[in-house]
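# Residue-level structure breakdown
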Amino acid sequence: MVKVVKFGGSSLADAKQFRKVIRIIEAENDRKYVIPSAPGKRSPDDIKVTDMLYKCYEQASKGENISEIFSQITDRYNSIIKELGVDLDLSDEFESIRNSMIHKAGRDYAASRGEYLSGKVLAAALGYKFIDAADVIFFNDDGTLDSEKTNEVMSEVLKEYENAVIPGFYGIMPNDTIKTFSRGGSDITGSIVARAVEADLYENWTDVNGFLMADPRVVKNPCTISKITYRELRELSYMGATVLHEEAIFPVRKAGIPINIRNTNSPEQAGTMIVAKSDGYDHQRVITGIAGKHGFSVISIEKDMMNAEFGFGRRVLEVLENEKISFEHLPSGIDTMCVVVSTEAIAKKRERIIEKLTAAVLPDTISIDDGIALIAVVGRGMKNAKGTAARIFGSIAKADVNISMIDQGSSELNIIIAVGENDFEKAVNAIYNEYVGA
Ligand code: ASP
């Protein structure tokens, strides 16, 4: 059995956290390949090493003196090394990074050094081989991941080692410069490594007990989801629920490797399993999770006999396409068509959009209403359960909230509900309590 284990920044924030990580890795022989993030915050008002590195880069690029901020960074690593009692001297590494920064090495290079140094420390503490991500993760000229070359080279290299530490977050461009993924990208590295070594499991260790059924800022103490499919996760992540980087599921999904979200601070918890297919309807609840977002607007277009007019919808969508606006939903009636879009996306183009739509379809009326929140109720169990819609809408009605739009795809994996932003919390709590109990 081979497990790939990735640890996030809060799991490696200081020596105490490093110790927990080492204990977790050493508790199971199967935990063979380790992906560390850069040290994160030690307390809510602390600064992540990655953010310090970005700042350092900015100062260096303006020709300012970076000594102070740079020594804050080196202090963080040195105190971890000292407290762990690891036999490692990073002075030469620090010197070469400092020089590169002064000589204006790129922004991504600067940011990547956080995970690079974390990897050095962890490899020394564990006695594992250190593999530089720049030797095994390749980007294309356009900045996208060259996933096939990466997979080929990485699996060849890692075959040689029973254990290794591979720093997260970065790889190399064809012109030999370092490039990072977007923020939180060590999750992607872990997923790439899991695919390359054909792991049985990708453990993603963080500081929560797993994926929660709802946002804890909206619902008090929501339950942890024990099992979720990749598709359900996509639906919930798209609507704002985050634990894992959005792109991290693709490499493992391709290879059918499950992801287990675990808590470094409570390793006894089983966490959340993210799987390709759950074996039938195995869930104790019909609903897997609820997520939602504020900040939507509805463009409503009315025209008598709209449905008899060929190409009406296409012309509406063409206007939005030309303005580079993607639409979220298209709830429509016989003589009305509504398009749900992000308020931010249309912010600077409202007048123009109305003008262009008016010219394109000659509507009787057209308006834009803001202040809409969307709620996604997601659950693979919905397909087999009768009366789900009635329960959801009934609970929202009981909470005295008006629903302004409903959208259910034919996959029956989710139901999207639009409510006024002021009613968002009430509606989410009503649905949650209906299924989990107040
Ligand atoms: N250290 C990087 C960040 O703060 C990447 C990561 O932690 O995954 O975004």
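See the structure shown above.
Residues numbered from 1 in each chain as written. Predicted model: local features only at pLDDT ≥ 70, side-chain atom pairs only at ≥ 80, totals over all residues. Heavy atoms only, no water.

## Some details on the site of the ligand
For the ligand, the full set of nearby residues is Ser37, Lys48, Thr50, Glu115, Phe169, Arg183, Gly184, Gly185 and Ser186. One of the backbone nitrogen or oxygen atoms of Gly185 is found 3.4 Å away from an oxygen atom of the ligand. The backbone of Ser186 places a nitrogen or oxygen atom 3.0 Å from an oxygen atom of the ligand. Contact with the protein chains covers 94% of the free accessible surface of the ligand, which is 260 Å². Here the shell around the ligand is built from residues that sort into one nonpolar, five polar and three charged. (Near = heavy atom within 4 Å. Polar contact = N/O pair within 3.5 Å; in protein donor to acceptor, adjacent residues only side chain to side chain. Areas by Shrake-Rupley, 256 points an atom, 1.4 Å probe, with all protein chains shown as cover. Nonpolar A, V, L, I, M, F, W, Y, C, P; charged D, E, K, R; others polar.)

## With respect to helix H12 (residues 350–361)
The end-to-end C-alpha separation of H12 is 17 Å, in line with the 16 Å expected for 12 residues at 1.5 Å each. If you check which residues of H12 are buried, you get Ile353, Leu357 and Val361. Along the long axis of H12, the arc covered by the buried residues comes to 30°, so they all point the same way. Structural note: H12 exposes Glu351, Glu355 and Ala359 on the side pointing more than 90 degrees away from its buried face. Buried positions along H12 lie against strand S11 (289–302), helix H10 (312–322), helix H11 (343–346) and strand S13 (365–378). (Helix = DSSP H or I, 4+ residues; strand = E, 2+ residues; numbered from the N terminus. Expected span 1.5 Å × (residues − 1). Buried < 20%, exposed > 50% of the residue type's maximum accessible area, 1.4 Å probe, protein only. Arc of directions from axis to C-beta. Contact = heavy atoms within 4.5 Å.)

## Focus: the environment of Val218
Residue placement: Val218 occurs in the loop between strand S7 (201–206) and strand S8 (227–229). Residue classification places Val218 among the buried positions, given a relative accessible area of 14%. Here the alpha-carbon distance between Val218 and Leu12, two residues 206 residues apart in the chain, equals 28 Å. Apart from the residues within four sequence positions on either side, Val218 is in contact with Phe424, Glu425, Val428 and Asn429.

## Topic: the sheet that holds strand S10 (residues 272–275)
Strand order in the open sheet formed by eight strands is S3-S4-S2-S1-S7-S9-S10-S8, and the pairing between neighbours is mixed. Sheet topology places strand S3 (129–130) and S8 at the edges, where each strand pairs with a single neighbour. Alignment of strand S1 (residues 3–7) against S7, held across five bridges, turns out to be parallel. Looking at the pairing, Val4 lines up with Tyr202 of S7. Strands in contact with helix H8 (residues 230–238) are S8, strand S9 (259–263) and S10; relative to S8, the strand with the most contacts, it is inclined by about 85°. (Pairing = 2+ DSSP bridges. Axes fitted to C-alpha atoms, helices over the stretch in contact; angles between N-to-C directions.)

## Remarks on the packing of aromatic side chains
Across all of its chains, the model carries three aromatic pairs by this definition. Where Phe7 meets Trp205, the ring centres are 5.9 Å apart and the plane angle is 20°; that geometry is what we call stacked. Of this pair, Phe7 sits in strand S1 while Trp205 is found in strand S7, placing the two residues 198 residues apart along the sequence. Relative to Phe130, the ring of Tyr116 lies with its centre 5.4 Å away and its plane at 90°, an arrangement referred to as edge-to-face. Within this pair, whereas Tyr116 is found in helix H5 (residues 107–126), its partner Phe130 is found in strand S3, the two being separated by 14 residues in sequence. Overall, Tyr116 belongs to the buried group, its relative accessible area being 9%. For Phe130, a relative accessible area of 18% gives the class buried. For Lys293, the ring lying beneath its charged end belongs to Tyr238, and the centroid distance is 5.3 Å. (Phe/Tyr/Trp six-rings, centres within 6.5 Å; stacked < 30°, edge-to-face > 60°. Lys NZ or Arg CZ within 6 Å of the ring centre and 35° of its normal.)

## Re the sheet that holds strand S14 (residues 403–408)
Spatially, five strands are ordered S12-S11-S13-S15-S14 in an open sheet, and the strand pairing comes out antiparallel. What marks the edges here is a single partner per strand, and that holds for strand S12 (336–342) and S14. Pairs of neighbouring strands in the sheet enclose a mean axial angle of 35°, with direction left out of account. Relative to strand S15 (residues 414–420), S14 runs antiparallel, the two being bridged by five bridges. Paired with Met405 across the strands is Ala418, a residue of S15. Of the strands in this sheet, S11 and S12 touch H10, which is tilted by about 20° from S12. Here H12 sits on the sheet and contacts S11 and S13; the angle it forms with S13, its principal contact strand, is near 105°.

On their own, these measurements won't tell you what the molecule is for.
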